[in-house]
Amino acid sequence: MSQSSFAYVGSELEIFAHAHHWRAYWKSQILPFIGQHVLEMGAGIGSVTRLLCTPEVKQWVAMEPDPLMGQRLRQMAERGELERNCAVRVGTIADLDPAESFDSILYIDVLEHIEDDRIELDKAWHHLEPNGHLIVLAPAHQSLFTPFDSAIGHFRRYSLPSLATLSPPGARIVLSRYLDSIGLFASLGNRLLLHSASPTLKQIKFWDSLLVRISVKVDPFLNYRLGKSVMVVWQKMSGY
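Keep in mind the model is a prediction, meaning the values are calculated, not measured.

Trainee: Which parts of the structure should I look at to understand the overall build of the protein?
Mentor: What the protein contains, in helices and strands, is nine helices and seven strands. On the principal axes, the C-alpha backbone points of the protein span a range of 50 × 40 × 35 Å. Buried residues in the protein amount to 49% of all 240 residues. Expressed as a percentage of contacts within the protein between residues at least 6 apart in sequence, the contacts between residues at least 24 apart total 79%. A total of about 11500 Å² of accessible surface is found on the protein, and carbon and sulfur atoms cover 58% of it. Charge-centre separation for the protein: the mean point of 23 positive side chains lies 7 Å from the mean point of 25 negative side chains.

Here it is, written out as structure tokens:
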């Protein structure tokens, strides 16, 4: 996926921007692993950037391969909608200076858009500082793959074992869990009964305002073994 050839397909970013409870939920999971020098891959319309890039972070690089979205992010920065410590770049992991390094690298609902995910994570690993964290949040369960996934450029959905197989050398998994168990049951029901091709804004708001809030309570009791999304955090061991 080169910068010159990448063009974003789909409008789900705008729809999912209304999922406030969901973003607060996964934010609470990864916040302990966010360092002072952060690389966010696939910044999109800036939802994650605005959520996590605070004045306390020394450096935040929001990397977006789609030139049009990159321009949108830059306009947001010019209007003061992003923190001053946030730098917007248009490109992919291959466009980073080889000497650049970060203590946190994020792929929030991004890795599933990248055809060769193993090569992607290996490249990211070279830019991660020792003891730093590589954080991935992605849609779970290939059995739930729908035409909607294909339409918005997803190559796959993940399981905890399939993500674990992508572990780079010297990686230690420090967090591995599913999130949103109630949303999983709703997705299964939709696939089996409703066959909805894509979520509507009304459906997203119902899921976010009710189902996610229930999942927040239920997921710990299930030991995070069920969920519609999968999250893995790797730590880079010293010497790699």
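Still to come is the rest of the account.
Trainee: Help me out: how do you make sense of helix 9 (residues 201-218) in this one?
Mentor: Think of an α-helix as turning once every 3.6 residues; residues three or four places apart then point the same way. The terminal C-alpha atoms of helix 9, which comprises 18 residues, lie 24 Å apart, in line with the 26 Å expected from a rise of 1.5 Å per residue. Along helix 9, the helix axis deviates most sharply at D208, where the bend reaches about 35 degrees. Among the residues of helix 9, those classed as buried are I204, W207, D208, L211, V212 and S215.

Trainee: Quick question: what am I supposed to make of the nonpolar core here?
Mentor: By size, the foremost hydrophobic cluster in this structure holds 34 residues, and its most contacted members are W22, W26 and W60. If we skip the residues at most four places from it in the chain, W26 touches V48, L51, L52, I108, L137, L179 and M231.

Trainee: I'm lost on the pairing of strand 1 (residues 37-41) in this one. Help?
Mentor: Put simply, side chains in a regular strand alternate between the two faces of the sheet. With four of five residues buried, strand 1 is to be regarded as a mostly interior element. In this fold, the crossover linking strand 1 to strand 2 (residues 59-64) by way of helix 3 (residues 47-52) has right-handed handedness. Note that strand 1 and strand 4 (residues 102-108) share four bridges and pair parallel. If you follow M41 over to strand 4, its bridge partner there is Y107.

Trainee: Any chance you could explain the sheet that holds strand 2 here in plain terms?
Mentor: The strands making up a sheet associate through backbone hydrogen bonding, with each pair oriented either parallel or antiparallel. The seven strands are arranged 3-2-1-4-5-7-6 in an open sheet whose pairing can be described as mixed. The two strands at the open ends of the sheet, each matched to only one other strand, are strand 3 (86-90) and strand 6 (171-179). Each adjacent strand pair in this sheet contributes to an overall mean axis angle of 15 degrees, direction not counted. Most of the contacts of helix 2 (residues 20-30) go to strand 6, to which it runs at about 155 degrees, and overall it touches strand 4, strand 5 (128-139), strand 6 and strand 7 (229-236). Packing against the sheet, helix 4 (residues 67-78) makes contact with strand 2 and strand 3, and its axis sits at approximately 160 degrees to strand 3.

Basis of the calculations
Residues numbered from 1 in each chain as written. Predicted model: local features only at pLDDT ≥ 70, side-chain atom pairs only at ≥ 80, totals over all residues. Heavy atoms only, no water. Helix = DSSP H or I, 4+ residues; strand = E, 2+ residues; numbered from the N terminus. Buried < 20%, exposed > 50% of the residue type's maximum accessible area, 1.4 Å probe, protein only. Contact = heavy atoms within 4.5 Å. Areas by Shrake-Rupley, 256 points an atom, 1.4 Å probe, with all protein chains shown as cover. Lys, Arg positive; Asp, Glu negative; His and termini not counted. Charge placed at Lys NZ, Arg CZ, Asp CG, Glu CD. Expected span 1.5 Å × (residues − 1). Bend = angle between axes of the 7 residues up to and from the residue. Core = buried A, V, L, I, M, F, W, Y, C linked by side-chain atoms within 4.5 Å. Right-handed = clockwise from strand over helix to strand, strands pointing away. Pairing = 2+ DSSP bridges. Axes fitted to C-alpha atoms, helices over the stretch in contact; angles between N-to-C directions.

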